[in-house]
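# Observations on the model geometry
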Amino acid sequence: MKTALLEGKKPPHFDKHIIGNLLLDVAPPAEVRDEPMVIGVRNDAGDIYRVIGAATLNSFMNAVEELFDLGLIDELQDKEEQKDGCDAIFSEP
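Analysis parameters
- Residues numbered from 1 in each chain as written.
- Predicted model: local features only at pLDDT ≥ 70, side-chain atom pairs only at ≥ 80, totals over all residues.
- Heavy atoms only, no water.
- Helix = DSSP H or I, 4+ residues; strand = E, 2+ residues; numbered from the N terminus.
- Pairing = 2+ DSSP bridges.
- Right-handed = clockwise from strand over helix to strand, strands pointing away.
- Salt bridge = Lys/Arg side-chain N within 4 Å of Asp/Glu carboxyl O.
- Buried < 20%, exposed > 50% of the residue type's maximum accessible area, 1.4 Å probe, protein only.
- Contact = heavy atoms within 4.5 Å.
- Axes fitted to C-alpha atoms, helices over the stretch in contact; angles between N-to-C directions.

This part takes up unusual backbone geometry. Among all residues save glycine, negative phi is the norm, and among peptide bonds the norm is trans. Even without glycine at this site, Asp-84 takes up a positive phi of about 55 degrees. Residue placement: Asp-84 occurs in the loop between β5 (73-74) and β6 (88-91).

Below, the structure is given as structure tokens:
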């Protein structure tokens with residue numbers, strides 16, 4: 001999986017746990033968004049500050065499970081369509 005921090009967006013306190021729990025390769029944001037499935041993560045201000053790109057459904061589901069395990073919620077969990085170019089968007093409850 002690939003990840004990128006978005007310029008000008010402040011990472012929240014839980015970002016270190018995302019990095020610690022998921023095997024992520026740092027890549028430019030455009031490259032991450034080229035992956036078939038994209039996960040966005042919101043900071044305390046409500047901005048998407050990090051994107052995670054998954055090449056396979058298995059990788060996507062593993063990432064989603066890890067983010068749920070961190071206590072984050074997916075605002076798109078019950079929705080079929082993308083939002084802001086993301087298939088899932090996680091934030092603190």
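Sheet topology places strand β1 (residues 2-5) next to strand β2 (residues 25-26); two bridges connect them, and they run parallel. Paired with Lys-2 across the two strands is Asp-25, which belongs to β2. Regarding the hand of the β-α-β motif, the stretch spanning β1, helix α1 (residues 15-21) and β2 is right-handed. Of the strand pairs in this sheet, β1 and strand β4 (residues 48-54) are connected by four bridges, and their pairing is antiparallel. Note on β4: the bridge partner recorded for Leu-5 is Arg-50.

Right, let's talk about the pattern of salt bridges for a bit. A full pass over the atoms with the stated rule returns six salt bridges. Two residues, Asp-15 and Arg-50, come together in a salt bridge whose shortest N-O distance is 2.9 Å. In this pair, Asp-15 is assigned in helix α1 and Arg-50 in strand β4, connecting sequence segments 35 residues apart. Judged by its relative accessible area of 9%, Asp-15 falls in the buried class. Between Lys-83 and Glu-75 there is a salt bridge, with the nearest N and O atoms lying 3.2 Å from each other. Lys-83 sits in the partly exposed class, given a relative accessible area of 37%. In this structure Glu-75 comes out as partly exposed when scored by relative accessible area, which is 27%. Connected via shared salt-bridge partners are Arg-42, Glu-75, Lys-83 and Asp-84.

Here we come to the environment of Pro-93. Of note, Pro-93 is situated in the segment after β6. Accessibility expressed as a relative area gives 79% for Pro-93, which makes it exposed. Along the primary structure Pro-93 and Ser-59 are separated by 34 residues, whereas in three dimensions their C-alpha atoms are 24 Å apart. Non-local contacts of Pro-93, meaning those with residues more than four positions away in its chain, are made with Gly-71 and Ile-73.

The strand order across the open sheet built from six strands is β2-β1-β4-β3-β6-β5, with neighbouring strands paired in mixed fashion. Sheet topology places β2 and β5 at the edges, where each strand pairs with a single neighbour. Sheet topology places strand β3 (residues 37-42) next to β6; three bridges connect them, and they run parallel. Its bridge partner lying in β6, Ile-39 is registered against Ala-88. Each of β3, β4, β5 and β6 is contacted by helix α3 (residues 57-69), which is oriented at about 15 degrees to β3, the strand it contacts most.

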